[in-house]
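# A structural walkthrough
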Amino acid sequence: MIVSGVDDIIKSLIRAVKSIQMYGVKHPSSKNFYDPFYEKLSDYLKKHAELNLEIEQFAILHSGRTVYEEREKDVSIAFRLFRDGIRSLRFTQGLTFDELLSFLGTIAMVAKDLDIVLRLWECDLLHINFYVVEEEEEQAMDYKVPEVPVVNIDYESKVREIIEKENIDINDVIKPELASGELDYLKTEISVVEKTPLLPTVITTLISLLKIDQSRDIINSLVVLLERCVDNRDFYNARRIVHHLRENTDIDPMEKFENERTIMGSHSLINTSSGEIFNEFIAFIGLFSKKSVPYFLKLLSYIDRPERLLALRSRIASIAQDDVALMKNFLDSDDITMLINVIAILNLMKADNIIALLRPLFSHPNPDVRSEIISVLANDFHPGVIAQFLDDESSYVRIKALRALTKMKYSRVYTKLFQKVTSREFRSLELAEQQEYFNCLVTNGAEKLTKDLEKILFKWMLFGHKKYSAVRKLAATALAYVDTEDALAILRKGLKKRNRHIKSACEIALRQK
Amino acid sequence: MSTSGKDIVSLFYALIKAVQVYDINNDVVQNAGKKFIYYIDTLLNIYSQIELIRYRDYIFFNKQRLRFEIDGYASLQFIHDKLKKLRIKSLTLSPGIDKDEMIIFASIIKEEEDEFHKKISDTKFDNIHIEFSTDEEEKPDFMQDGARIKRSYFKALRVTKNLMQNLWTKQPVDVKSTKRIVYSLIDALSEDELGLLALTTIKNFDEYTFNHSLNVGVLSLALGQRIGLPKKSLAALCTAGLLHDIGKVEISKDLIYKSGKLTEEEWETLKRHSDYGVREVLKARGLDEMGLISLTVAYQHHWNYDGTGYPGRIKKEDPLLFSKIVRICDSYDAMTTPRVYQPIPYLPHYAVRIIWQLRNVWFDPVLAKVFIQLLGLYPVGNLVKLNTGEIAVVVRQNQGNFALPMIKVILDKKEEKIDGNIMDLRAEKEIKIVKSIYPQKYGINPSSYFV
């Protein structure tokens with residue numbers, strides 16, 4: 001039966017395919033073609049339930065009538081389908097838009113070695129059926145059932161022998177019906193197949209084999225899977241592969257990753273929201289060699305979170321195998337971030353000659369660099385050298401030095417601190433820095449401290465008394481912190497003073513105690 | 001199974017069950033009717049009509065075959081049996097159908113055959129059309145049909161043979177053909193699962209490895225489909241089944257075809273085929289998704305459910321679901337196939353009993369049960385002696401009754417060959433299977449009844 005409208009549908013089909021070939025499926029122009037095609041085909045299927053098309057080498061037929069013909073092999077849709085063995089197509093009611101789009105997308109593909117049939121099968125289209133002929137089908141059917149000769153043995157005893165050997169209980173009642181729990185078990189098993197990645201199992205298998213079989217197939221496959229793991233950010237399994245390849249073969253699977261492109265390519269990884277992936281990544285890069293250090297130093301500048309910066313620096317120190325000489329090469333870098341990281345890594349390495357290494361940078365113009373140096377000096381316990389930074393021009397650096405000295409309890413710095421605190425310039429400093437000075441003073445002061453604080457507290461001022469009131473408060477607070485009888489007596493004495501700044505400072509300090 | 005088809009069948013089942021228990025005015029029936037009609041109305045926006053066709057042992061919903069899967073099995077089985085018993089060939093529901101019409105129809109279809117036919121001829125349905133099958137149509141046609149299925153099977157056999165021979169001779173492997181044949185087998189399975197399964201009775205003594213590989217692929221496919229694996233997984237499972245023994249290409253043919261008892265050393269060498277299988281799959285398939293599954297199955301297909309088996313496991317790894325399926329299918333086909341060192345194999349019936357017995361030991365117990373449901377107690381190709389003294393070959397399973405298959409009498413009481421009738425043992429209440437017997441005794445190749 002020739003049904004009107006089929007020609008129009010086929011024309012729409014051809015237009016849609018050509019448009020997809022030109023612009024791709026997602027392009028709006030293609031949509032202008034496949035939308036009407038879907039509409040026309042759906043209307044047709046609503047009326048006729050199905051649309052059957054026969055495929056010939058260069059033509060598409062409907063009910064024996066040619067509805068499309070194109071003899072140019074490169075452009076003929078009929079030829080493309082025919083070449084892969086498709087001999088008929090059937091569209092049935094219920095066809096969805098997505099199904100049709102998958103179908104169009106597949107038949108529009110132009111790759112030479114593409115097997116359209118396989119692609120269509122993989123699309124699993126419920127409402128588009130196609131009949132395929134395979135090559136040599138007739139030959140395949142040419143099968144003769146082998147003759148079975150009559151064998152004269154005692155079959156009764158053969159059966160008895162099997163029953164005995166296999167210990168078969170022939171009276172056992174077989175009940176293969178499944179209980180609901182067993183149905184659930186199957187559903188779980190299927191969902192495990194669908195959701196659980198297979199790669200870890202395959203890796204385990206190949207690793208087991210590698211111990212007894214170091215053939216190229218196994219080794220190469222593991223190398224390929226290593227790349228796949230790295231791409232998938234599965235660093236746990238990547239480590240397993242590297243570990244076993246190194247243990248069982250003489251190849252270095254890491255070599256191909258030790259380049260700037262690959263290492264810098266992982267910059268998004270170091271800020272991943274997953275702590276687990278980051279930790280696995282850190283563990284994985286432990287397998288890199290020294291030659292990758294320059295790239296990792298660059299990578300450090302991309303890291304956002306301080307705790308991760310610390311972890312990655314520590315890992316780089318380990319990759320560099322505490323090779324101070326290697327790190328020294330980067331101390332003349334113009335890249336401030338890199339320089340700071342290198343100093344920090346040297347700090348982690350606990351190099352013997354750290355002061356000598358860093359001394360040229362003590363006067364580095366960038367305060368962050370000087371600040372980082374203080375961290376190194378503090379870590380290596382060089383308070384005397386740190387004290388030099390109390391004269392630094394940057395308040396930020398001085399505070400860093402003060403904090404370091406506060407922690408270190410270095411009494412020899414006391415005199416210098418006292419001089420600073422009692423100097424005229426001190427009154428012009430920011431309160432935060434003044435506080436750090438007093439903290440440091442209290443920590444490092446000895447017998448003289450209380451007396452010195454009393455002096456500061458009760459100092460007679462004619463001019464600049466307003467600015468000095470902050471210093472009095474800090475001195476009073478320091479005395480309260482010292483908390484000895486003498487210190488408290490001084491504060492109580494201060495309560496009786498006429499100077500309202502002294503009185504107020506002492507009141508506050510005693511209240512806070 | 002098509003979701004719409006599956007849902008219709010289950011709603012129809014619920015409605016019939018409701019009218020079997022309650023009066024048609026009862027709320028339970030009314031609600032079941034309402035639900036059914038609501039769903040039908042939704043579908044009628046897409047389809048011009050709803051058609052359920054019974055053909056062979058299957059139900060088709062608007063020309064799509066509904067697969068027997070574990071989930072929804074009972075309802076599909078019930079509807080199939082009901083239509084078959086009442087000799088209904090097709091049932092068409094048209095737009096305009098309402099709840100009352102459907103409930104009345106359900107109350108009639110619930111009846112036994114005579115009562116049903118009496119009532120149905122007295123009642124007029126505007127929007128339900130029933131077509132009955134003729135006696136001729138009721139004859140099972142699967143013995144003469146299925147050319148396409150056979151083509152797929154034999155093409156697959158040729159591809160499997162080429163694949164293994166190429167690996168044996170270190171020639172390049174044609175991956176495309178393997179892929180295509182797997183999909184073609186999946187299509188054949190959707191067309192007629194039992195017809196395809198019947199072809200696994202083909203056991204070629206001389207080409208054991210090829211036939212065995214294909215049969216394991218087909219049996220695995222059928223088991224996978226029965227438990228409801230999606231199509232993509234079925235393709236992977238079938239490929240894995242075809243390739244499970246591929247490691248044997250690295251073992252000398254002398255050893256593989258050795259007829260005598262194997263020495264311990266030879267046995268150890270033979271066991272290495274699981275290891276070699278991995279290497280061969282890598283050569284044949286590379287590391288694509290199917291390759292990964294196939295190599296895992298090739299490695300694990302002798303792992304037992306209880307943790308024993310070979311090769312040894314590093315930790316207490318669980319085998320892949322696919323490996324567990326292939327473990328069963330491989331064992332079954334190996335047991336039932338004549339080989340050099342086992343010229344008289346196990347009868348399928350006893351192989352099934354062994355699988356039952358070794359569930360929880362060698363085999364996953366749930367999969368073993370589904371496998372037995374699939375093959376039945378007397379699998380296709382099994383020769384049986386009847387209480388009538390005749391000998392028959394099992395030609396098809398009865399879905400839902402695993403112990404009473406369809407048989408064809410091939411030898412009369414005097415053990416003379418005859419072209420007997422096909423009988424459904426569910427219907428032939430007086431005919432019983434007495435025992436399973438060996439076809440070799442009579443020089444019969446059971447597969448000749450299916451090819």
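First, a word on scope: everything that follows refers to the structure included in this document.

## Quick word on the state of the cysteines
- Inspection of every chain in the model, using the stated rule, returns zero disulfides over all chains.
- Cysteine C123(A) remains unbridged, with the sulfur of C238(B) as its closest cysteine sulfur at 19 Å.
- The partly exposed category is assigned to C123(A), whose relative accessible area is 30%.
- Left without a disulfide partner, C238(B) is nearest to the cysteine sulfur of C329(B), which lies 11 Å away.
- Exposure remark for C238(B): the relative accessible area of 0% places this residue in the buried category.

## Details of the nonpolar core
- Counting 330 residues, the largest nonpolar core has F91(A), L358(A), F438(A) and L457(A) as its most contacted members.
- At 10 residues, helix 7 (residues 147-168) of chain B tops the list of elements feeding residues into this core.
- Not counting the four nearest positions on each side in its chain, L358(A) is found in contact with L331(A), I343(A), L346(A), I373(A) and V376(A).

## Observations concerning the interface of chain B and chain A
- Across the boundary between the two partners, chain B contributes 81 residues, which contact 79 residues of chain A.
- Buried area between chain B and chain A, both sides added, is near 7,500 Å², and the carbon and sulfur share of it is 62%.
- It is R151(B), R180(B) and L287(B) that lose the most area in chain B upon contact with chain A, and together they represent 10% of the buried surface on that side.
- Summed over the shared surface of chain B and chain A, the result is seven salt bridges.
- R180(B) is the salt-bridge partner of D115(A), the closest N and O atoms lying 3.2 Å from each other.

## Quick word on the sheet that holds strand 9 (residues 422-424) of chain B
All names here are of chain B.
- The five strands lie next to each other as 9-8-7-6-10, forming an open sheet whose pairing is antiparallel. Edge positions in the sheet fall to strand 9 and strand 10 (433-437), since each has one partner strand and no second. Looking at each pair of strands side by side, their axes are set apart by 40 degrees on average, direction ignored.
- Pairing between strand 7 (residues 391-398) and strand 8 (residues 401-411): six bridges, direction antiparallel. The partner of I391 across the bridge, within strand 8, is L411.

## With respect to unusual backbone geometry
- The step from Y310(B) to P311(B) runs through a cis peptide bond, and the omega angle for that step is -10 degrees.
- Note on placement: P311(B) falls in the loop between helix 15 (289-300) and helix 16 (321-336).
- Positive phi outside glycine occurs at D124(A), with the angle close to 50 degrees.
- Its location among the elements puts D124(A) in the loop between helix 5 (116-123) and strand 5 (128-132).
- Look at D124(A) and you get partly exposed, because its relative accessible area is 36%.
- Positioned with a positive phi, K170(B) is a non-glycine residue whose angle comes to about 55 degrees.

Thresholds applied
Residues numbered from 1 in each chain as written. Chains lettered and ligands numbered in written order. Predicted model: local features only at pLDDT ≥ 70, side-chain atom pairs only at ≥ 80, totals over all residues. Heavy atoms only, no water. Disulfide = S-S within 2.5 Å. Buried < 20%, exposed > 50% of the residue type's maximum accessible area, 1.4 Å probe, protein only. Core = buried A, V, L, I, M, F, W, Y, C linked by side-chain atoms within 4.5 Å. Helix = DSSP H or I, 4+ residues; strand = E, 2+ residues; numbered from the N terminus. Contact = heavy atoms within 4.5 Å. Buried area = accessible area lost by both parts, 1.4 Å probe. Salt bridge = Lys/Arg side-chain N within 4 Å of Asp/Glu carboxyl O. Pairing = 2+ DSSP bridges. Axes fitted to C-alpha atoms, helices over the stretch in contact; angles between N-to-C directions.

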